[in-house]
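Close look at the chain arrangement
Residue-level listing of the chains:
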Amino acid sequence: MIKKLLSFSVLAVFALAACRPQEKPGTETPKPQPVEPQKPEVATISFSDVTASSDAVKYDSSSDKRTFNFTDAEGSVSFKLKTSDSWTIKATNDRADSWISVSPSSGSKGEATVKFSAKTNDTYDGRSADFEITCGSVKKSVRVVQKQKDAILISDNKAEISDEGGELKIELQYNIDYSVEISEGVDWIKRIETKGLNKTVLSFEVEPNDGTKSREGSITVSSSAGSETVTVCQAGALPYIVIGQKVYNVDSDANQIEILVTSNTAVSLSIEGSDWLQHDQTKAASTDKYAFSIQENTSYDSRTGRIVFYTDNGLQEEVVVNQSALGALIIAGDSYDVPSEGGD
């Protein structure tokens, strides 16, 4: 019985060997190819179908920072936003909430219609606000600018130029004669003359900035109806803060001042050595202007306050505010001898 079982097992082994496919001489069994891991999708943001409520709104898409330009009138503008993931849109700070709103402020993957609504600007000061759209790790900037009442229309009152320089174009809407002036002492901005009638774009050539410090100039367009000034800020090789005016001299009465601060990074401020100088966050609606209230000086001593603007990377700029004394008395001499009987 055992011999029969052994014989059967041997026959089974030979049968299996005979059924196995034979490899040809000189061939190798192909090795499985490695499967490359799928790369994660990169979030995307795109704009399309910009629709304004009236001619009061113009859209500039010529740069990475898209700009919506409103006249002083109430108006709104809508655009299609297409994203590859959920998104949010918010202002860089909340000081513009009093005049500009955005709806919706967030959404999910796909297409959405986003609307900016601006209230009428009854003041004689222009205002602006920067918004940031975030989708995953991708960010896009949108700027909203509203002109002051009864003004020539310029696309934006601030132009930021890289240290490499290049051509600067300013869109101008006008119906009266005007003149253009570059601020005194600025030789690195040059007007490019163009031929033709009723040109609506002013062109300037900005030379490269070879230094490490930022610099600032201005271009003023004047007419019989008033003037518009564009502040041109050119970056240096490092992050910068540019202060429009660094010293303010005011009288003893209660006062208010506005400080123009231009920077390519986040800016914070502190007030040193005074409780009579206060940051008024309700006054300056524009994101690059800071308003301060100065209390009346009822003492006979002048006083000085300091406002320090600073960044996280160690940059800082100081603004000095000098307020005169109440009824200051200036005496020519150091001492006087007065006789006992008195006299003049």
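The present account deals with the structure reproduced in this document. Quantities reported herein were computed from a predicted structural model and do not represent experimental measurements.

**Observations concerning the nonpolar core**
Core analysis: the biggest nonpolar cluster contains 21 residues, and Ile100, Phe116 and Phe131 have the highest contact counts within it. Mapped by element, the contributors of at least two residues to this core are strand S3 (66-70), strand S4 (75-83), strand S5 (87-91), strand S8 (110-118), strand S9 (127-135) and strand S10 (138-146). In contact with Ile100, not counting residues within four places along its chain, are Phe116, Ser117, Ala118, Ala129, Phe131 and Val144. Within the second largest apolar cluster, 17 residues are counted, among which are Leu168, Val186, Trp188 and Val230.

**Notes on the environment of Lys109**
Within the element layout of this structure, Lys109 appears in the loop between strand S7 (106-107) and S8. Once the C-alpha coordinates of Lys109 and Lys82 are considered, the two residues, 27 residues apart in sequence, prove to be 7.7 Å apart. Those residues in contact with Lys109 that sit more than four places away from it in its chain are Thr83, Ser84, Asp85 and Ser86.

**Some remarks on the pattern of salt bridges**
Inspection of every chain in the model, using the stated rule, returns ten salt bridges. Salt-bridge contacts for Lys139 lead to Glu132; the nearest nitrogen and oxygen are separated by 3.9 Å. A residue is classified by how much of its surface remains accessible, and Glu132, at 29% relative accessible area, is partly exposed. Linked by salt bridges that have partners in common, Asp130, Arg143, Asp156, Lys158, Glu160 and Asp288 make up one network.

Calculation rules
Residues numbered from 1 in each chain as written. Predicted model: local features only at pLDDT ≥ 70, side-chain atom pairs only at ≥ 80, totals over all residues. Heavy atoms only, no water. Core = buried A, V, L, I, M, F, W, Y, C linked by side-chain atoms within 4.5 Å. Buried < 20%, exposed > 50% of the residue type's maximum accessible area, 1.4 Å probe, protein only. Helix = DSSP H or I, 4+ residues; strand = E, 2+ residues; numbered from the N terminus. Contact = heavy atoms within 4.5 Å. Salt bridge = Lys/Arg side-chain N within 4 Å of Asp/Glu carboxyl O.

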